[in-house]
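Next come the chains, spelled out residue by residue.
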Amino acid sequence: MDADVIVVGGGLAGLVAANELVQGGKRVALVDQENPANLGGQAFWSFGGLFLVNSPEQRKLGVRDSFDLAWRDWRGSAGWDRLDGPLAEDEWAVQWARAYVEFAAGEKRSWLKQHGISLTPMVGWAERGGGQAFGHGNSVPRFHVAWGTGTGVSEPFADRARQATRDGRLTFHHRHRVDQLLVDSGRVTGVAGAILAPDDAPRGAASNRDVVGDFTPRAGAVILASGGIGGDHDKVRRFWPERLGAPPKSMITGVPAYVDGRMLDIADDAGARLVNRDRMWHYVEGVQNWDPIWPKHAIRILPGPSPLWLDALGRRLPAPALPGHDTMATLKHLRTTPDLAEHDHSWFIVTQKIIEKEFALSGSEQNLDITDRKLLKVLASRLGKGAPPAVDAFKHKGADFVFADDLETLVAKMNGLTEQPLLDPVQVRQQVEDRDAQMDNPYTKDFQTMSIHNSRRYLGDKLARTATPHRLLDPKAGPLIGVKLHVLTRKSLGGLQTDLSSQVLTADGTPFEGLYAAGEAAGFGGGGLHGYNALEGTFLGGCIFSGRAAGRALAGRV
C-alpha cells in the first residue's frame, strides 16, 4: 500500500485532496473504514448548499453582495474570542476564514464549474441572524444549491478518484480502519490499523467491526479527512459547552454512525493540537426519519420564516430564536431556560399553506427532483400547488407530525406525542391569536412578522420559500399541523489546528511534519474557521477549500 501520500477518509475533503495530489503527479492511497458504497461521505447526503458571494445567481435575483459585506457578516457571526497568548486557539481560524471568504467571492464558482459542479438558479437565505447590523447572520441570501444536491458536489470528485485508480495513480483501501499514526523522530511516516471483514451494507448503514487482519503502510505524508463526532452522542456530550446548558438526554442523528471522531483522539495521542472542541453545530429542527438508514436517522426541516415556534411548555420562542434566523441562539435558549432543561423537544405550528411553500428537508434523498436534475419536477414541486412529495410523506408517515382542522384537537394530538401532556390548549390559543393579530397589515410590531415581510421583498423567497402572510386560524389555509422538533447532531466546528497549507500543528504550535488535515477534522480549516456560528452553505465549501489546500501543498501546486 505504500504511496507518496495516505489520505484517511473518503469523504469530500479527502476526495478533493486526492484529486489535487493526483493532478500533481503523486501516488495516493485512500484509506476508509467503510465499503466502496460510502465514497463521498456525508457530502453525498447533504442538500448541496454552497456559500458564494456576489454570484451571477444572486445578481439575477436582485441581490447586491460584496466581499466586504460577506467578511463583515462572517466576523460578526464567528465571534472569535481566543486570540490572545502564544498558543491562541483562534489564531489560524481567522486567517483561514479570511482566505475562504476571498475564495467564495473570487474563483470558487469558476473552480466548481471546472470540476463539474453546476448550480441551480436557487439562492436561499439561511441564518438570517439575530437582528443586529454587526452580529450573526447573512445580510443577504448566499445559499446556492448545486444541481444534484450533495451528490452533485461529491460525485464529480468520486468519479475523478475512480478514474485515477484506472490510471494507476490512486488505490482504494476500503474496510481499513486506522488505529494509530506512525511517528518517527517527530514526523508522521504512515498509519497502522485493522482490516475489517467485508460488509456489503448499503450506503450510510452501520457496518460490522470484525477484525480480520492488520496493516501498516508508509508514506511521505498523511492527510486526515476523517470527519467530526456527530455520530457519537457520547462524544457530543463530552464536549458539550457549558454556555449551551445541559446536553439533551435524547438526541437524533443527522450523520451516519461512522462519523465517530476516532481519528481526532488518535491524532491527539500522537501529539497533534486540537482546539475549539467545545464549538459545535447542531440543529433544533430535527425530525425522526420514517424511513431510516442509520441509527436514530434524523432529517432537518429547513423552514421558511412563518412557523410559530413554541417551546416544550407551549410558549412562543423569543427573537432571535426564530425559524431560519439563529441556530445557536435557539439551541441556547432551549437548553439554558431553567424550566426547559428537562425537555428535549420544541414545536412548530403551521398551516398546510405554510408547509407547502416553506418546508424543505435536508438531504439528497429528500430532494430527488434536484438530485436527479429534473428541472420540470423542480418547478412543479417548488412552484406548483401542494407540498413537495418528500414533505408530504413526512406529514402523513412521520412520527413527529400531527394535523387537525381545529386548534384544540391539534393540541390534544401534540400532547399525545409526549409522555405527559405539557401543552395547555388555552395558552397555545393565546399564542396563536396574538401572532394572528399581527397578520392583517404590512406593518407590525412583531419581529417575526417583520421578518416574513422582509423575506417576501426578496424575489427568490417570494417565489418559492415564503407563504403569503396569513392567520394560522384561517380555515382556508388549513389544516393546522403540529411538528415535534428534536435536537439533531451534525457538525464539529473545532478540530485539528492547521496552518494555511493544512499542515497540522503540534501541542506547542509548531508544524507536525508529515501530518495534514482537512474538512471537519480540521474545523474546516485552522481548527475552526466558523468560530461559534456558521453562515450555512459553508461546510461543503470548507471541505473543498481545506482539502484543496492540503493536496496542493503536498503536490507542490500552491
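Preceding block: the structure.
Computed from a predicted model, the values in this text were never measured in an experiment.

### Here we look at the sheet that holds strand β3 (residues 49-51)
Phase 1: Taken in spatial order, the 3 strands make up an open sheet running β3-β5-β4, and their pairing is antiparallel. In this open sheet, the two edge strands, each paired with only one partner strand, are β3 and β4 (119-124). Going from strand to strand, the sheet's axes swing by 35 degrees on average, the running direction of each strand aside.
Phase 2: Of the strand pairs in this sheet, β3 and strand β5 (residues 143-146) are connected by 3 bridges, and their pairing is antiparallel.

### Structural notes on the sheet that holds strand β22 (residues 511-517)
Phase 1: Taken in spatial order, the 6 strands line up as β6-β2-β1-β10-β22-β21 in an open sheet, and their pairing is mixed. Two strands lie at the open edges of the sheet, namely β6 (170-174) and β21 (503-505), each paired on one side alone. Put simply, the sheet's adjacent strands are angled 35 degrees from each other on average, direction ignored.
Phase 2: Pairing geometry for strand β2 (residues 28-32) and β6, over 5 bridges, is parallel. By the bridge assignment, Leu-30 is partnered in β6 with Phe-172.

### Digging into the pairing of strand β19 (residues 480-492)
Phase 1: The buried count for β19 comes to 13 of 13 residues, which makes it a mostly enclosed element.
Phase 2: Strand direction decides the pairing type here: strand β11 (residues 252-253) and β19, joined by 2 bridges, are parallel. By the bridge assignment, Ile-252 is partnered in β19 with Leu-488.
Phase 3: Of the pairings in the sheet, the one linking strand β16 (residues 345-351) to β19 comprises 7 bridges and is antiparallel in character. Residue pairing for β19: Thr-351 is matched across the bridge by Leu-480.

### Looking at the environment of Lys-397
Phase 1: Examined against the element boundaries, Lys-397 turns out to sit in helix α14 (residues 389-397).
Phase 2: Looking at Lys-397, the relative accessible area reads 53%, which means it is exposed.
Phase 3: Once the C-alpha coordinates of Lys-397 and Leu-331 are considered, the two residues, 66 residues apart in sequence, prove to be 26 Å apart.

### Considerations on the packing of aromatic side chains
Phase 1: Under the counting rule described, the total for this entry stands at 20 aromatic pairs.
Phase 2: Ring geometry for Tyr-100 and Phe-103: centres 6.4 Å apart, planes at 50 degrees, overall tilted. Placement of the pair is Tyr-100 and Phe-103 together in helix α5 (residues 91-105), with a separation of 3 residues, close to one helical turn. Neither Tyr-100 nor Phe-103 differs from the other in exposure class; each is buried.
Phase 3: Through a chain of ring-to-ring contacts, three or more aromatic side chains come together here, namely Phe-51, Trp-74, Trp-96, Tyr-100, Phe-103, Trp-111, Phe-157 and Phe-545.

### Digging into the pattern of salt bridges
Phase 1: Under the defined criterion, the tally for this structure stands at 34 salt bridges.
Phase 2: Across the pair Arg-109 and Glu-57 runs a salt bridge whose closest N-O atoms are separated by 2.7 Å. On the criterion of sequence distance, the pair formed by Arg-109 in helix α6 (residues 108-114) and Glu-57 in helix α3 (residues 56-60) is long-range, its members being 52 residues apart.
Phase 3: Owing to a relative accessible area of 33%, Arg-109 belongs among the partly exposed residues under this scheme.
Phase 4: Asp-344 is the salt-bridge partner of Arg-335, the closest N and O atoms lying 3.4 Å from each other.
Phase 5: Its relative accessible area of 4% is what places Arg-335 among the buried residues.
Phase 6: We classify Asp-344 as buried; its relative accessible area is 16%.

### Some remarks on a nonpolar patch on the surface
Phase 1: Taken together, Leu-375, Leu-376, Leu-379, Leu-383, Leu-459 and Leu-463 make up a surface patch of nonpolar side chains, about 590 Å² in accessible area.
Phase 2: At the level of elements, α13 (375-383) and α18 (459-464) are the ones that each hand at least two residues to the nonpolar patch.
Phase 3: Here Leu-459 is to be found in helix α18.

### Some remarks on helix α4 (residues 67-78)
An α-helical turn contains 3.6 residues, so a residue and the one three or four places further along point in the same direction.
Phase 1: Taking 1.5 Å as the rise per residue, α4 with 12 residues should run 16 Å; its terminal C-alpha atoms sit 16 Å apart, in good agreement.
Phase 2: Buried within α4 are the following residues: Phe-67, Ala-70, Trp-71, Asp-73, Trp-74, Gly-76, Ser-77 and Ala-78.
Phase 3: Of the residues flanking the end of α4, it is Gly-79, one or two places downstream, whose phi is positive at about 60 degrees.

### Things to note about unusual backbone geometry
Negative phi values dominate among residues other than glycine, just as trans dominates among peptide bonds.
Phase 1: Between Ala-319 and the following residue, Pro-320, the backbone shows a cis peptide bond with an omega angle of 5 degrees.
Phase 2: For the bond running from Gly-478 to Pro-479, omega is 10 degrees, close enough to zero to count as cis.
Phase 3: One can find Pro-479 in the loop between α18 and β19.
Phase 4: If you check the backbone angles, Asn-54 has positive phi at about 55 degrees while not being a glycine.
Phase 5: If you trace the backbone, Asn-54 turns up in the loop between β3 and α3.

### Description of the side chain of Ser-502
Phase 1: Residue placement: Ser-502 occurs in the loop between β20 (495-496) and β21.
Phase 2: Overall, Ser-502 belongs to the buried group, its relative accessible area being 0%.
Phase 3: Once you skip the residues sitting within four places of it in the chain, Ser-502 turns out to touch Trp-96, Leu-515, Tyr-516, Ala-517, Ser-546, Ala-549 and Ala-550.

### Digging into the nonpolar core
Phase 1: Trp-74 and Leu-224 are the most contacted members of the largest nonpolar core, which has 143 residues in total.
Phase 2: Broken down by element, the residue count for this core peaks at 9 residues, all from helix α19 (residues 539-555).
Phase 3: Beyond its immediate stretch of four places on either side in the chain, Trp-74 contacts Phe-51, Trp-80, Ala-97, Tyr-100, Val-101, Leu-529, His-530, Leu-535 and Thr-538.
Phase 4: Residues Ala-126, Phe-143, Trp-147 and Leu-302 belong to the second largest nonpolar core, which totals 9 residues.

### Structural notes on α19
Phase 1: Counted at 1.5 Å a residue, the expected span for α19 with its 17 residues is 24 Å, and the 24 Å between its end C-alpha atoms agrees.
Phase 2: Within α19, 15 of the 17 residues are buried, which leaves the element mostly enclosed by the surrounding structure.

### Considerations on the environment of Glu-433
Phase 1: Considering the arrangement of structural elements, one finds Glu-433 in helix α16 (residues 425-436).
Phase 2: Between the alpha carbons of Glu-433 and Thr-327 there is a distance of 26 Å; along the sequence they are 106 residues apart.

### Examining the packing of α5 against α19
Phase 1: In contact at an axis separation of 11 Å, α5 and α19 are set at 105 degrees when each is read in the N-to-C sense. Our classification of the angle between α5 and α19 gives roughly perpendicular. Between α5 and α19, the residues in contact are Trp-96, Ala-99, Tyr-100 and Phe-103 and Gly-541, Gly-542, Phe-545, Ser-546, Arg-548 and Ala-549, respectively.
Phase 2: For the contact of α5 with α19, the residue count by class is 6 nonpolar, 3 polar and 1 charged.

So, how was this worked out
Residues numbered from 1 in each chain as written. Predicted model: local features only at pLDDT ≥ 70, side-chain atom pairs only at ≥ 80, totals over all residues. Heavy atoms only, no water. Pairing = 2+ DSSP bridges. Helix = DSSP H or I, 4+ residues; strand = E, 2+ residues; numbered from the N terminus. Axes fitted to C-alpha atoms, helices over the stretch in contact; angles between N-to-C directions. Buried < 20%, exposed > 50% of the residue type's maximum accessible area, 1.4 Å probe, protein only. Phe/Tyr/Trp six-rings, centres within 6.5 Å; stacked < 30°, edge-to-face > 60°. Salt bridge = Lys/Arg side-chain N within 4 Å of Asp/Glu carboxyl O. Patch = residues over 30% accessible without salt bridge, like charges linked within 9 Å, V, L, I, M, F, W, Y side chains within 5 Å. Areas by Shrake-Rupley, 256 points an atom, 1.4 Å probe, with all protein chains shown as cover. Expected span 1.5 Å × (residues − 1). Contact = heavy atoms within 4.5 Å. Core = buried A, V, L, I, M, F, W, Y, C linked by side-chain atoms within 4.5 Å. Parallel < 35°, antiparallel > 145°, perpendicular 65-115°, else oblique. Nonpolar A, V, L, I, M, F, W, Y, C, P; charged D, E, K, R; others polar.

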